[in-house]
Amino acid sequence: MDAVRLIAATRGALARSEAPADVLAEAWQAQALARTMAAHLAVSGPPELRHEALDLSEVSGRGTLGTSLGAPLDSDGIRATRLTSVADPRASLIALGALLGEVGIALVGVACAVDGEADYWQCIEAIDTADDSHDRVLEMLRRLGGRGLGREVAGR
């Protein structure tokens, strides 16, 4: 499945998430997708993106979640495993940037709602990872000549 379709599926699932555990699971899905997409771009994407794609893969790899609120899914439930192509790197990165911005916003809501200190700090770490991944996506778009991206990528 193409990256844009997987990103759209994840954005839809995130938008439908209400419980903190569901939001955390979708944040994990988004980071897994960012990591898988970055690995794909590092191997077969435009040469000017390969270094930044490796950076994104490393950063997004920190985004796994495993708290009392939500644990990572088994391999059958990981949408990123369905990625077969990144047909349009620019469109895929724009969509991924928007998704990561939405994940960060959703995680702020979860962090404000959790009771336990450990869960709170887990959310803060996930917010930092989403923000770092978002920054890497923006840099990749700049490398592709992403002038005029404005709010379509900001996701904030």
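Reading the values: the criteria
- Residues numbered from 1 in each chain as written.
- Predicted model: local features only at pLDDT ≥ 70, side-chain atom pairs only at ≥ 80, totals over all residues.
- Heavy atoms only, no water.
- Helix = DSSP H or I, 4+ residues; strand = E, 2+ residues; numbered from the N terminus.
- Buried < 20%, exposed > 50% of the residue type's maximum accessible area, 1.4 Å probe, protein only.
- Contact = heavy atoms within 4.5 Å.
- Areas by Shrake-Rupley, 256 points an atom, 1.4 Å probe, with all protein chains shown as cover.
- Salt bridge = Lys/Arg side-chain N within 4 Å of Asp/Glu carboxyl O.
- Core = buried A, V, L, I, M, F, W, Y, C linked by side-chain atoms within 4.5 Å.
- Phe/Tyr/Trp six-rings, centres within 6.5 Å; stacked < 30°, edge-to-face > 60°.
- Expected span 1.5 Å × (residues − 1).
- Arc of directions from axis to C-beta.
- Axes fitted to C-alpha atoms, helices over the stretch in contact; angles between N-to-C directions.
- Left-handed = near helix turned anticlockwise from the far one by under 90°.
- Nonpolar A, V, L, I, M, F, W, Y, C, P; charged D, E, K, R; others polar.

(A) Expanded view of the overall build of the protein. Looking only at helices and strands, one finds 6 helices and 0 strands in the protein. Starting at the N terminus and walking to the C terminus, you meet the elements of the protein as α-α-α-α-α-α. Going through the 156 residues of the protein one by one, you find that 49% of them count as buried. Nonlocal contacts in the protein, meaning residues at least 24 apart in sequence, comprise 79% of its contacts between residues at least 6 apart. Split by element, the accessible area of the protein, about 7,600 Å² in all, is 51% carbon and sulfur.

(B) Here's a closer look at the side chain of Glu 26. Mapped onto the elements, Glu 26 comes out in helix α2 (residues 20-44). Not counting residues up to four positions away in its chain, the partners in contact with Glu 26 are Thr 10, Ala 13, Leu 14, Ser 17 and Arg 79.

(C) Structural detail: the pattern of salt bridges. Tallying each qualifying case throughout the model produces 5 salt bridges. The salt bridge involving Glu 52 is made with Arg 143; its shortest N-O contact spans 2.7 Å. Pair noted here: Glu 52 is in helix α3 (residues 50-60) and Arg 143 is in helix α5 (residues 117-143), with a separation of 91 residues, a long-range link. Exposure remark for Arg 143: the relative accessible area of 45% places this residue in the partly exposed category. Through salt bridges that share partners, Glu 52, Glu 139, Arg 142 and Arg 143 make up one connected network.

(D) Quick peek at the nonpolar core. In this structure, Met 37, Leu 93, Leu 96, Val 103 and Leu 107 are the most contacted members of the largest nonpolar core, which totals 42 residues. Those elements that provide at least two residues to this core are α1 (3-16), α2, α3, α4 (89-113) and α5. Element by element, the count of residues in this core is highest for α2, at 12 residues. Excluding its chain neighbours within four sequence positions, the residues that come into contact with Val 103 are Leu 14, Ala 27, Ala 30 and Ala 130.

(E) The packing of aromatic side chains, seen in detail. All chains considered together, the criterion is met by 1 aromatic pair. Each ring, one from Tyr 120 and one from Trp 121, has its centre 5.0 Å from the other, and the planes form 80 degrees; the classification is edge-to-face. Judged by its relative accessible area of 33%, Tyr 120 is partly exposed. With a relative accessible area of 45%, Trp 121 lands in the partly exposed category.

(F) Spotlight on α1. Taking 1.5 Å per residue, 14 residues should reach 20 Å; α1 reaches 20 Å between its end C-alpha atoms and fits that length. For α1, the set of buried residues is Ala 3, Leu 6, Ile 7, Thr 10, Ala 13 and Leu 14. The buried residues of α1 occupy an angular sector of 125 degrees when the element is viewed end-on, so they sit on one face. Turned more than 90 degrees off the buried face of α1, the exposed positions are Arg 5, Ala 15 and Arg 16.

(G) Here's a closer look at the environment of Trp 28. Relative to the helices and strands, Trp 28 resides in helix α2. Given a relative accessible area of 10%, Trp 28 falls into the buried group. Residues Trp 28 and Arg 62 lie 34 residues apart in sequence; the distance between their C-alpha atoms is 9.7 Å.

(H) Structural detail: the packing of α2 against α5. Where α2 meets α5, the axes come as close as 11 Å, and the angle between the chain directions of the two elements is 30 degrees. Here α2 runs over α5; the crossing is left-handed. Facing Leu 24, Gln 31 and Leu 41 of α2, the residues of α5 in contact are Cys 123, Thr 129, Ala 130, Ser 133 and Met 140. Its residues placed into classes, the contact of α2 with α5 shows 5 nonpolar, 3 polar and no charged.

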